[in-house]
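# Coordinate analysis (summary)
The primary structure of each chain is shown beneath.
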Amino acid sequence: MDDRYRRGMRIRAAVWLAAAALAGGVEAEEGTERSYRMDEIVVTPARTEQRLADVPTNATVISKPEIERSAAITVDDLLRRVPGFSLFRRSSSLVSHPTTQGFTLRGIAPSGVSRSLVLVDGVPLNDPFGGWVYWSRIPRESIERIEIVRGGGSNPWGNYALGGVVHVLTAEPEPRRLSVRTDGGDHGTVDVDAQASDVRGPLGITVGGAFFDTDGYDVVRDDQRGAIDEPADSDHGAFRGKLALELAPGTRAFVRGDWFRERRGNGTALTENATDAGTVAAGLENDADDGGHWRALAFAQLQDFSSTFSAQESDRSSESPALDQFHVPSTAVGTSLEWSHAPLGGHQLGAGGDFRWIDGETNESFFFSEGAFQRRRTAGAEQQLAGAYLQDLIELAPGWRLELGVRGDLWRSLDPFRRERTIATGEELRDERGGDRDEWAASPRAGLVHQATENLRFRAAYYHAFRAPTINELVRPFRVRNDITEANGDLDPERLIGGEAGADWAADRLLARVTGFWNEVKDPVANVTVGAGPGPVEPCGFVPEGGVCRQRQNLGRSRVRGIETELDFAPAPHWDASASYFFSDAEIIDAGDVAELDGKRLAQVPDHQAVFRVDYADPDVVDGSVQVRWVGDQFEDDRNSLELGDFAVVDLFLGRGIGHGIDLFVGIENLFDRTFEAGKSADGIVTIGAPRLVHGGVRLTL
C-alpha cells in the first residue's frame, strides 16, 4: 500500500496544482509529501495529450488510489463527487433501470438520454441505441484513472459530448501483475473483481472481469408499498481484455474486447430487464521520436436488450402486464483516425476524423386484454455519424496559450419505420415509414490560458456542441408505472453554444479554483406532458387512471448558467480535505409551441450540489475517507409539479494493509440511512434512493 499511497498523493496533488500551471514545476517544502513536476500530468480532452495545466476548460482527474479509497461500489456513485455530475434519476445503477442511467454535466438534462460522452480507452460507452450508460460494464480493478472535462466537447469528439466528456482509462499490461478484490455486504450484495496482466518481450496482455449480485432493496417509499412490491435485485458479469504488440520502437498494435451480461428485477414481479452486450476494438498507433503521434482505431458493438412494464393499481395491491419489449437489438460499427504534430514554432497541430454506423430496432407486445397481449409493434432506424476536426494549440508568448479548433459533422437518419399489427390475426394496424434525413453541424472552439503569476492562472473557453437524437428517442415508447412516454420521429438535433471563464490559485497547502459557465441549447429534447388518464390520449393510446401521457419533443431554447467552486487543503501530513459547490440556473427560456413551459426549470436538474470530503492516508495506520454529499431539490417533470426534495448522505471508507500485498477494507454508503426521494410518478408514487449499505472485503495485489 505504501507505494500506491505515495503515487496517489502525488497524482492527486499534481492534478490540483496543475490548475496553477506553474511553468517549470512546483517544489513543495523539503521533507513533505508534495514535490511534483507539472509536466508529468497529461490528459486527453482534445484527443491530443496535454498538460492539465494547459486545458482551458474545467477538468478533474480521479486517480486509482482515490477510486480505491471510496465507499462507492459503482462508477456512477464514484462520479457523483464531481461538481455538476448528475444522473437522470437519483438512484444508483445498483438497482435503477438502465434507461435511467443517462447522465449529464452542468445540468443540460431535460430527459433520460446522456448529454455527455463516456469513453473507455477512446471507445464510446454510451448505449448506441438509447444513449444511456451501463456503468457496471467497467470493472473497477481495471481502471487506472478517470478524466472528467466539463464544457461542450463536440470538438473534437463529435456527437454526445454536449456537456463534456468522461474518459475512463484502463490499466496497460504490466509484467506478472495480479489484483483481486472481493467485497460483500448488506442486502445480499456480493462483488468480485479481478485483473491479471503480463508482458513477454513485445507482447503484453491484460484480462479482467467482475461478478456482482445483490438482493437489492424496496424502491417504493415504505408508506406507499403494497402487495406487488418487492426488492429490486440485480446481477451482472463483465469481462475485459487487452492484447498489445510492439511492432517497432514507438509503433504498437492492439486488440481489446469486452463482454457484459446483466439481469435486473425492477421492484415488482412483472417488471424486469436484461442486457447482453459486447465490444471489440483494434488499432494501430505510433509515437515518433520528435513527439508526433498518430492512431487508427476500429470497433464494433453488439447488444440485445429486453424489458417488461406493468400497469399498477393505485393502492399497489395488484398489477397487470402493460408492455413487453422482448427483443431490442442494436449494432454499431465505428472508425477513427487522429494525428498530432509535436510542438513546432509555438504550434501543436492536431487533426482527425471518425465515422459511426448504428442500426437498432424494438420488438414489443402491448395492449394487454383478456389475459394476453393483443398487439405487436416493431420500430427501428439506421443512423450514420461522420465528422472531421482540426485544431491548433498555440504558445502566444510566455505564460499565454491559445487553443483553436473547428469540426464539421454529418448526421443521417435512414429508413425509420414503425409497424403495428394484431397478434391473433396479423391484421396491419399501422405501417409508417419516414424519409431519410441529413443534418449538418459545425462545432468551433476557442480557449485561452494565461499564467498571471507563479500562483495564479486564468482560463476561458468558447464552444459549440451538438447531440443527435438517438434511435430510442425517435422510435421507442416506454412506461414508468402508469405514466407513458411516446417516441417522436421528427426530433431535431440539440445544438449548444456556451462558454466559461475561471481562475485557479495555488499556494502552500491550499488549492482553489472557480469557474463560471453559460450554455444555451437550441431544440432541447424534453419529455413533454400532453394529457392525462384515464382514457385515450394521443399519441400514447389508452392511459390508465392516475397516469399521464408524455412525448419527446423539441423545445425552443433552454439556458443553463452557473458556477463551480473547488477547494483542497492539506493541513498536515497524511491529511487532505476538499470541498466543492455547484450552482446551476437551468430553465426553459423559449418553449416553442408549449408556451406553458416558458420559464420552467429543466426537469431532473438539481439547482445546488455540494461535496465535502476528508481523507487520511497513512500506510502504517489506516487509509480512510469521510464524504458528505448534498443535493438540492429538483423537479421530476416538465411542468415543475412533481418536486423532489433536497437530501444529504454520508459515506465512510476505512482500509488497512496487513502486508504481502493484502489490504482489508470496509465501506458504508449512506451511513445514517437517510431516506430520500429518487423519483415520483404523476399519481404520487415516490421511489427512494439506496438505503445504508455496509460492505467490506479483501484486496490482494501481487
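This report concerns the structure included in the present document. Keep in mind that what you see is a predicted model, and the values were worked out from it rather than measured.

### Some words on the overall build of the protein
- Secondary structure summary: the protein contains five helices and 45 strands in total.
- For 702 residues, the compact-globule estimate of 2.2 N^0.38 gives 27 Å, and the C-alpha radius of gyration of the protein, at 25 Å, lies within 12% of that figure.
- Viewed in the frame of its principal axes, the protein has a C-alpha envelope of about 80 × 50 × 50 Å.
- Across the 702 residues of the protein, 60% fall into the buried class.
- The long-range share in the protein, meaning contacts at least 24 apart out of those at least 6 apart in sequence, stands at 66%.
- Working note: accessible area of the protein is about 25,900 Å², and carbon and sulfur atoms make up 57% of it.

### Here we look at the sheet that holds strand 27 (residues 478-480)
- Strand order in the open sheet formed by four strands is 27-28-34-31, and the pairing between neighbours is mixed. The open sheet terminates on both sides in strands that have one partner only, identified here as strand 27 and strand 31 (525-532). Neighbour-to-neighbour, the strand axes of this sheet turn through a mean angle of 25°, independent of strand direction.
- Taken together, the three bridges between strand 28 (residues 483-486) and strand 34 (residues 548-554) define a ladder with parallel strand orientation. The residue bridging T485 from the neighbouring strand is R550, located in strand 34.

### As for the state of the cysteines
- Taken as a whole and assessed by the stated rule, the structure comprises one disulfide.
- The disulfide partner of C540 is C549, and the gap between their sulfur atoms is 2.0 Å. The sign of the 75° torsion about the S-S bond sets the C540-C549 disulfide as right-handed. For the residue pair C540 and C549, the accessibility class agrees, reading buried in each case.

### Re the nonpolar core
- One finds L79, F85, F103, W135, I146, I148 and V166 to be the most contacted residues of the largest nonpolar core, which totals 22 residues.
- Elements with a contribution of two residues or more to this core: helix 3 (75-79), strand 6 (85-87), strand 7 (103-105), strand 8 (117-120), strand 10 (143-150) and strand 11 (164-170).
- In contact with V166, other than residues within four places in its own chain, are L79, F103, L117, V118, L119, I146, E147 and I148.

### What to know about the pairing of strand 37 (residues 608-618)
- For strand 36 (residues 575-590) and strand 37, the ladder comprises nine bridges, and the chain directions are antiparallel. By the bridge assignment for strand 37, A577 is matched with V614.
- Pairing geometry for strand 37 and strand 38 (residues 622-631), over ten bridges, is antiparallel. The residue bridging D615 from the neighbouring strand is S625, located in strand 38.
- Two successive antiparallel strands, strand 37 and strand 38, enclose a turn made up of three residues.

### Considerations on the pattern of salt bridges
- What the rule picks out here adds up to 54 salt bridges.
- For the salt bridge of E566 with R150, the shortest nitrogen-to-oxygen distance reads 3.6 Å. Here E566 is found in strand 35 (residues 557-569), whereas its partner R150 is found in strand 10, with 416 residues between them in sequence. Judged on exposure class, the residue E566 and its partner R150 are both buried.
- In this structure, D523 engages K522 in a salt bridge whose closest nitrogen and oxygen atoms are separated by 3.0 Å.
- Salt bridges here are not isolated pairs; linked through shared partners, they connect E364, R377, R418, E420, R430, E432 and E486.

Reading guide: rules and limits
- Residues numbered from 1 in each chain as written.
- Predicted model: local features only at pLDDT ≥ 70, side-chain atom pairs only at ≥ 80, totals over all residues.
- Heavy atoms only, no water.
- Helix = DSSP H or I, 4+ residues; strand = E, 2+ residues; numbered from the N terminus.
- Rg over C-alpha atoms; globule rule 2.2 N^0.38 Å.
- Buried < 20%, exposed > 50% of the residue type's maximum accessible area, 1.4 Å probe, protein only.
- Contact = heavy atoms within 4.5 Å.
- Areas by Shrake-Rupley, 256 points an atom, 1.4 Å probe, with all protein chains shown as cover.
- Pairing = 2+ DSSP bridges.
- Axes fitted to C-alpha atoms, helices over the stretch in contact; angles between N-to-C directions.
- Disulfide = S-S within 2.5 Å.
- Core = buried A, V, L, I, M, F, W, Y, C linked by side-chain atoms within 4.5 Å.
- Salt bridge = Lys/Arg side-chain N within 4 Å of Asp/Glu carboxyl O.

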